[in-house]
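Chain by chain, the residues:
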Amino acid sequence: MATDFAGKTALITGAGRGIGRAIALGLADAGARVVLLARTAGQLDETRALLRERGVPLGRISLVPADLADEEDRDRAAAAVLATGRVDILVNNAATVEPLGPTIGIASADVRLAFEINVVAPAALTAAVLPGMLDAVWGRVVNISSGIVAAPAGMVYRPGGVDTAMQAWIRQQDPERIGALHERFNRNFAEGTLITPEHSAAALLAHLAGDDTGAIWDVSTAPVGA
Ligand SMILES: NC(=O)c1ccc[n+]([C@@H]2O[C@H](COP(=O)([O-])OP(=O)(O)OC[C@H]3O[C@@H](n4cnc5c(N)ncnc54)[C@H](OP(=O)(O)O)[C@@H]3O)[C@@H](O)[C@H]2O)c1
């Protein structure tokens, strides 16, 4: 399908190289004004040079050097971008693969840093650009993910829809606040689809008897009639 993003502004994080740069080039080719964010100003310059070689006018290119791990810097960058107008397309592409290596010895500070870049920053940028998208009744937010989510290094357990205080709390929330979740959680409860904590725990214990790891264990596929 041919795409035409003329008149749209796209903010691409991690646009100094790699996948983010390629996405920025593609969006610019499709007519978008592109806002390129990364820490390394020299690499943003290189992306801009590539855009210029393709004939993208300077007026459709903005560079925003910023460290997404730094809340103050991130907020400053978001404010600077929005001061020039609405963001129609946000591509949360910047990420770190650190900390890599054995879980033993991983410093919590490194985990915190990874969450800041990979989770907090995309959520914060999304919250910042959403009001403009809602006003325009159009917007796109893309979070670049990874195949690793389907094959995690450690065991991930999905406990199912379980009848606990957490579920009750969600059901009691104002529908204005939680939107479609309110209807879904109340429907699940009314239809009696929730399982007991004991059912969920029994399924986990059945999995633990085996040797597998690096998998997503789902209560619905557990090898027990619990
Ligand atoms: N390559 C793959 O095979 C692969 C596979 C699955 C998923 N992905 C995902 O695809 C996305 C792009 O990966 P890539 O391979 O293109 O990586 P890359 O070549 O390392 O590029 C990462 C980009 O993110 C920026 N960045 C990193 N930390 C940042 C920070 N704190 N603040 C601002 N910008 C930051 C980097 O610029 P600076 O260092 O200058 O800040 C760079 O522009 C990531 O989300 C990655 O997880 C990649």
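Here the structure is a predicted model, which is why all the values come from computation and not from measurement. (Residues numbered from 1 in each chain as written. Predicted model: local features only at pLDDT ≥ 70, side-chain atom pairs only at ≥ 80, totals over all residues. Heavy atoms only, no water.)

**Student:** Looking at this structure, how should I read the sheet that holds strand E5 (residues 140-143)?
**Tutor:** Pairing between sheet strands relies on hydrogen bonds along the backbone, with the strands arranged either parallel or antiparallel. Spatially, E3-E2-E1-E4-E5 is the arrangement adopted by the 5 strands of the open sheet, whose pairing is parallel. Each end of this open sheet is capped by a strand with a single partner; those strands are strand E3 (61-65) and E5. Taken pair by pair, the neighbouring strands of this sheet meet at an average axis angle of 10 degrees, ignoring direction. Pairing between strand E1 (residues 9-13) and strand E2 (residues 33-38): 5 bridges, direction parallel. (Pairing = 2+ DSSP bridges. Helix = DSSP H or I, 4+ residues; strand = E, 2+ residues; numbered from the N terminus. Axes fitted to C-alpha atoms, helices over the stretch in contact; angles between N-to-C directions.)

**Student:** Hey, could you run me through the pairing of E5 in this one?
**Tutor:** On a regular strand, one side chain projects to one face of the sheet and the next to the other, so that they alternate. In this structure, strand E4 (residues 89-92) lies alongside E5, joined through 4 bridges in parallel fashion. Within E5, the residue paired with leucine 90 across the bridge is valine 141. Following the chain from E4 across helix H4 (residues 108-136) to the adjacent parallel E5, one finds a crossover that is right-handed. (Right-handed = clockwise from strand over helix to strand, strands pointing away.)

**Student:** I keep staring at the site of the ligand and nothing clicks. Help me out?
**Tutor:** Residues in contact with the ligand amount to 21 residues; listed here are only the nearest, Ile19, Arg39, Thr40, Leu68 and Asn93. Between an oxygen atom of the ligand and a side-chain N or O atom of arginine 39, the distance comes to 2.7 Å. Bound to the protein, the ligand loses 73% of the 880 Å² it would expose on its own. In a pocket analysis with a 2 Å cut-off to the grid points, the ligand is assigned to the largest pocket. Going through the elements one at a time, helix H1 (18-29) and E2 are the ones with two or more residues in the shell around the ligand. Across the shell around the ligand, the residue classes tally to 11 nonpolar, 7 polar and 3 charged. (Near = heavy atom within 4 Å. Polar contact = N/O pair within 3.5 Å; in protein donor to acceptor, adjacent residues only side chain to side chain. Areas by Shrake-Rupley, 256 points an atom, 1.4 Å probe, with all protein chains shown as cover. 1 Å grid on protein atoms, 1.4 Å probe; cavity = no way out; pocket = protein on both sides within 12 Å on 5 of 7 lines; lining within 4 Å. Sits in = over half its atoms within 2 Å of the grid points. Nonpolar A, V, L, I, M, F, W, Y, C, P; charged D, E, K, R; others polar.)

**Student:** Which parts of the structure should I look at to understand the environment of isoleucine 170?
**Tutor:** Inspection of the secondary structure puts isoleucine 170 in helix H5 (residues 165-172). Overall, isoleucine 170 belongs to the buried group, its relative accessible area being 16%. Each C-alpha atom of the pair isoleucine 170 and arginine 184 lies 10 Å from the other, and the pair is 14 residues apart in sequence. Residue contacts for isoleucine 170: discarding those within four places in its chain leaves Ile178, His182 and Phe185. (Buried < 20%, exposed > 50% of the residue type's maximum accessible area, 1.4 Å probe, protein only. Contact = heavy atoms within 4.5 Å.)

**Student:** Help me understand a negative patch on the surface in this model?
**Tutor:** On the surface, Asp70, Glu71, Glu72 and Asp75 cluster together into a patch of negative charge. In this fold, glutamate 72 is placed in helix H3 (residues 71-83). Its relative accessible area of 69% is what places glutamate 72 among the exposed residues. (Patch = residues over 30% accessible without salt bridge, like charges linked within 9 Å, V, L, I, M, F, W, Y side chains within 5 Å. Salt bridge = Lys/Arg side-chain N within 4 Å of Asp/Glu carboxyl O. Lys, Arg positive; Asp, Glu negative; His and termini not counted. Charge placed at Lys NZ, Arg CZ, Asp CG, Glu CD.)

**Student:** Mind showing me how you'd approach the layout of surface pockets here?
**Tutor:** It is the rolling of a water-molecule-sized probe over the atoms that shows where space remains empty. The calculated volume of the largest pocket comes to roughly 1400 Å³. Along the walls of the largest pocket sit 39 residues, with Ala95, Thr96, Val97, Glu98 and Asn118 positioned nearest its centre. Looking at the lining of the largest pocket, the elements with two or more residues in it are H1, E2 and H4. Counting residues per element, the lining of the largest pocket draws most heavily on H4, at 6 residues. (Points joined across faces, edges and corners; volume = space filled by probe spheres on them.)

**Student:** I tried to follow the packing of H3 against H4 on my own but got confused; where do I start?
**Tutor:** Each pair of packed helices can be described by the angle between their axes along with the distance between the axes. It is at 11 Å that the axes of H3 and H4 come closest, and there the two elements cross at 30 degrees. It follows from the interaxial angle that H3 and H4 lie roughly parallel. The interaxial crossing formed by H3 with H4 has right-handed handedness. Judged by residue contacts, Arg74, Ala78 and Leu82 of H3 engage Glu116, Val120, Ala121, Ala124, Leu125, Ala128 and Val129 from H4. Split into classes, the residues belonging to the contact of H3 with H4 amount to 8 nonpolar, no polar and 2 charged. (Parallel < 35°, antiparallel > 145°, perpendicular 65-115°, else oblique. Left-handed = near helix turned anticlockwise from the far one by under 90°.)

**Student:** I tried to follow the nonpolar core on my own but got confused; where do I start?
**Tutor:** Across soluble globular proteins, nonpolar side chains show a tendency to be buried alongside one another. By size, the foremost hydrophobic cluster in this structure holds 19 residues, and its most contacted members are Ile12, Leu27, Val34, Leu36 and Leu51. In terms of residues, this core owes the most to one element, H1, which gives 4 residues. In contact with leucine 51, not counting residues within four places along its chain, are Ala24, Leu25, Ala28, Val34, Leu36, Val56 and Ile61. Counting 15 residues, the second-largest nonpolar core is a separate cluster that includes Leu11, Val35, Ala77 and Val81. (Core = buried A, V, L, I, M, F, W, Y, C linked by side-chain atoms within 4.5 Å.)

Honestly, that's just the spatial picture; any functional story needs more than this.
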